[in-house]
Amino acid sequence: MNLSRPEILLLFDIDGTLTFPRSLIEPDFETFLYEKVKPRATIGIVGGADLEKMFEQMNGQRILKEFDFIFPENGLVQIENGVEVGKESIQRLLGEDTLHRFISYALRYVADLKLPFKRGTFLEFRNGMMNICPCGRQCARSERAIFAAYDKEHNIREKMIADLKREFHDVDLTYSIGGQISFDVYPHGWDKTFCLRHVTQDRFNFKEIHFFGDKTEKGGNDYEIFIDPRTIGHKVETPHDTRRILENMFNIQ
Ligand code: M1P
């Protein structure tokens, strides 16, 4: 790699890319990232989840110090060198009437679903998106796997998305399955490419922007940024793939 640190930006998804799903980053990989990769490239994370959840998976607030950029909620929140520099909100764009209609419909829909179990928090309202979880986000880790298997057989999330699309055909929303038990809903264009608006500003001079993600297939929440012409996309299955690609890229032994 001939580019210097300010010329190359590496953007990472978290779940399945820097960590195993909903797990903590492995200490060895964390050390590798901060000690071997960071001196060679500008580094950033872009996730569907909010900052608190990023802290949970990435070993706490240390990420504020270590990452040059942090983009929670697909970059709707922009953090540069540990400082929040911008934020966008879904209610400002959609307005309360549309939101009211959408949330009421989604909660009624979930109420009518027959599932192996239901817990709490079926709709989590975030700055730039809503996360809808038919079984409830408060389920236990062991119950996640139960719902995931049930969903694989019965396509609960896919069917709900299709129905929401039909009902809200007049609202320009994108639906994306990024994790195990839920799906994200956000205004069109507010996918992970949103963070590129920030890093492509003139004050930066990135010659290459690399993106690493696991959900790169159509419908996955890494798809849009993976295929975006402004990025060089790397498809990974696990953090071990990510490490291997980085070792090759920078010739790290
Ligand atoms: O980062 C991927 C996804 O992680 C979570 O999904 P789930 O709880 O279904 O495994 C959510 O935070 C989701 O918003 C996010 O896209």
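Read on for an overview of the structure. Keep in mind that this is a model prediction, so the values were computed, not measured.

## A closer look at the overall build of the protein chain
What the protein chain contains, in helices and strands, is 10 helices and 11 strands. Relative to the 2.2 N^0.38 estimate, which gives 18 Å for 253 residues, the radius of gyration of the protein chain is 18 Å and therefore close to what a compact globule would have. In terms of overall dimensions, the protein chain has C-alpha extents of about 55 × 40 × 30 Å along its principal axes. Scored against the burial criterion, the 253 residues of the protein chain give a buried share of 55%. Put simply, 64% of the contacts in the protein chain that link residues at least 6 apart link residues at least 24 apart.

## Some points on the layout of surface pockets
As a volume, the largest pocket reaches approximately 450 Å³. D15, R22, G178, G179 and N221 are the residues nearest the centre of the largest pocket, which is lined by 29 residues in total. If you list the elements that add at least two residues to the lining of the largest pocket, you get α2 (51-57) and β9 (183-187). With three residues, α2 is the largest single contributor of residues to the lining of the largest pocket.

## Description of the environment of H188
Tracing the backbone shows H188 in the loop between β9 and α8 (194-199). Judged by its relative accessible area of 53%, H188 falls in the exposed class. Distance in space between the C-alpha atoms of H188 and Y175 is 8.9 Å, their sequence separation being 13 residues. With near-sequence residues (within four places) excluded, H188 lies in contact with D172, L173 and T174.

## What about the site of the ligand?
The environment of the ligand is formed by 13 residues, the closest being R126, R137, Q180, S182 and D184. Between I181 and the ligand, the recorded distance is 2.9 Å, taken from a backbone N or O atom to an oxygen atom. One of the side-chain N or O atoms of S182 is found 2.6 Å from an oxygen atom in the ligand. The cavity where the ligand resides is the largest pocket. Residues of the shell around the ligand, tallied by class, amount to two nonpolar, six polar and five charged.

## Focus on the packing of helix α1 (residues 27-37) against helix α10 (residues 239-250)
At a minimum axis separation of 11 Å, α1 and α10 run at an interaxial angle of 20°. When the axis of α1 is compared with that of α10, the two are roughly parallel. In the packing of α1 onto α10, the handedness of the crossing is left-handed. In this structure, α1 contributes D28, F29, F32, L33 and V37 to the contact, and α10 contributes P239, T242, R243, L246, E247 and F250. Considering only residue class, the contact of α1 with α10 consists of seven nonpolar, one polar and three charged.

What counts as what
Residues numbered from 1 in each chain as written. Predicted model: local features only at pLDDT ≥ 70, side-chain atom pairs only at ≥ 80, totals over all residues. Heavy atoms only, no water. Helix = DSSP H or I, 4+ residues; strand = E, 2+ residues; numbered from the N terminus. Rg over C-alpha atoms; globule rule 2.2 N^0.38 Å. Buried < 20%, exposed > 50% of the residue type's maximum accessible area, 1.4 Å probe, protein only. Contact = heavy atoms within 4.5 Å. 1 Å grid on protein atoms, 1.4 Å probe; cavity = no way out; pocket = protein on both sides within 12 Å on 5 of 7 lines; lining within 4 Å. Points joined across faces, edges and corners; volume = space filled by probe spheres on them. Near = heavy atom within 4 Å. Polar contact = N/O pair within 3.5 Å; in protein donor to acceptor, adjacent residues only side chain to side chain. Sits in = over half its atoms within 2 Å of the grid points. Nonpolar A, V, L, I, M, F, W, Y, C, P; charged D, E, K, R; others polar. Axes fitted to C-alpha atoms, helices over the stretch in contact; angles between N-to-C directions. Parallel < 35°, antiparallel > 145°, perpendicular 65-115°, else oblique. Left-handed = near helix turned anticlockwise from the far one by under 90°.

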